[in-house]
Amino acid sequence: MSHTLGIRQAQKQKTRQAFLDAALALLEEQSLSSLGLREVTRAVGVAPTAFYRHFRSTADLGVALVDEALGSLHPMVRTTVSTAGGSEERIIRAIELISHHVDTHPAHVRFIARERHGGVQPVREAIRDQLERFAEEVKAELAKDPEAAGWNDDDLLMLAHLYVDQMLITASLFLEAQEAPAEQRERVTRLARRQLRLITVGRSHWLD
């Protein structure tokens, strides 16, 4: 009996993932608010009623996509602001991690960039909640740095939000330059370094 249940559970998870993959592919060309349930089920090759065994609505599907796109990134985001190495080393490490993620998960990055301010409220809220989690985790990493001595919690959180916002901006720029010549990607890298250096300089003088 347990073996049969395991097979059913695996099949259910496989179908659920098929819905997520199909929706992500369809969202390359449109926003979630315009995505039809029948479009998704047609792409998966199942009847529309099968959708409701996995999701309550397309908004619920979108929230699941947010979790898939951002949920696994928490270790990476913490690594980008790790106290290991000097400030320039941290900047280079952060940009390399962001660039690699855009190259390997462009559809997820495009989805988040579009839906962060999109028309589906539960998805906007899910993205906001994930970004708040990122900011809290970045704040915890920043607090470990000797440079954080004397900073209060509000200022550390403000700095953490600056870093998280900059990561999103950098990811969007790399996404736009993905099919561009190497020189344009290099310009994005140089700009991202300058922007992160500006934050670093401001940070070092905040308590002056």
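Colleague: Tell me what's going on with the pattern of salt bridges, and back it up with residues and numbers.
Modeller: This structure, assessed with the given rule, holds 12 salt bridges. A salt bridge links arginine 56 to aspartate 60, with the nearest nitrogen and oxygen atoms 3.5 Å apart. For aspartate 60, a relative accessible area of 17% gives the class buried. Two residues, glutamate 147 and arginine 203, come together in a salt bridge whose shortest N-O distance is 3.8 Å. With glutamate 147 in the loop between helix H8 (121-142) and helix H9 (153-176) and arginine 203 in helix H10 (residues 182-205), this pair connects stretches of sequence that are 56 residues apart. Residue glutamate 147 is classed as partly exposed on the basis of its relative accessible area of 43%.

Colleague: Could you give me a rundown of the nonpolar core, with the residues and numbers involved?
Modeller: Within the largest apolar cluster, 57 residues are counted, with the highest numbers of intra-cluster contacts made by Val66, Leu70, Phe111, Val138 and Tyr163. Counting residues per element, this core draws most heavily on H9, at 9 residues. If near-sequence neighbours (up to four positions away) are discounted, phenylalanine 111 is found in contact with Leu24, Leu27, Gly62, Leu65, Val66 and Val123.

Colleague: Provide a residue-level description of the side chain of threonine 189, including the pertinent values.
Modeller: Looking at the secondary structure, you find threonine 189 in helix H10. Using a relative accessible area of 13% as the deciding quantity, one classes threonine 189 as buried. Once residues within four sequence positions are removed from consideration, threonine 189 is found in contact with Ile95 and Phe174.

Colleague: Got a sec to walk through the environment of glutamate 141? Specific residues and values, please.
Modeller: In this fold, glutamate 141 is placed in helix H8. Taking relative accessible area as the criterion, glutamate 141 reaches 13% and is therefore assigned buried. The spatial distance from the C-alpha of glutamate 141 to the C-alpha of arginine 185 is 29 Å, given a sequence separation of 44 residues.

Colleague: With reference to specific residues and values, describe H8.
Modeller: Between its first and last C-alpha atoms H8 spans 31 Å; for 22 residues at 1.5 Å apiece the expected length is 32 Å, and the two agree. Those residues of H8 that sit buried are Val123, Ala126, Ile127, Gln130, Leu131, Phe134, Ala135, Glu137, Val138, Lys139, Glu141 and Leu142. The elements touched by buried residues of H8 are helix H4 (58-70), helix H5 (74-80), helix H7 (106-115), H9 and H10.

Criteria and cut-off values
Residues numbered from 1 in each chain as written. Predicted model: local features only at pLDDT ≥ 70, side-chain atom pairs only at ≥ 80, totals over all residues. Heavy atoms only, no water. Salt bridge = Lys/Arg side-chain N within 4 Å of Asp/Glu carboxyl O. Buried < 20%, exposed > 50% of the residue type's maximum accessible area, 1.4 Å probe, protein only. Helix = DSSP H or I, 4+ residues; strand = E, 2+ residues; numbered from the N terminus. Core = buried A, V, L, I, M, F, W, Y, C linked by side-chain atoms within 4.5 Å. Contact = heavy atoms within 4.5 Å. Expected span 1.5 Å × (residues − 1).

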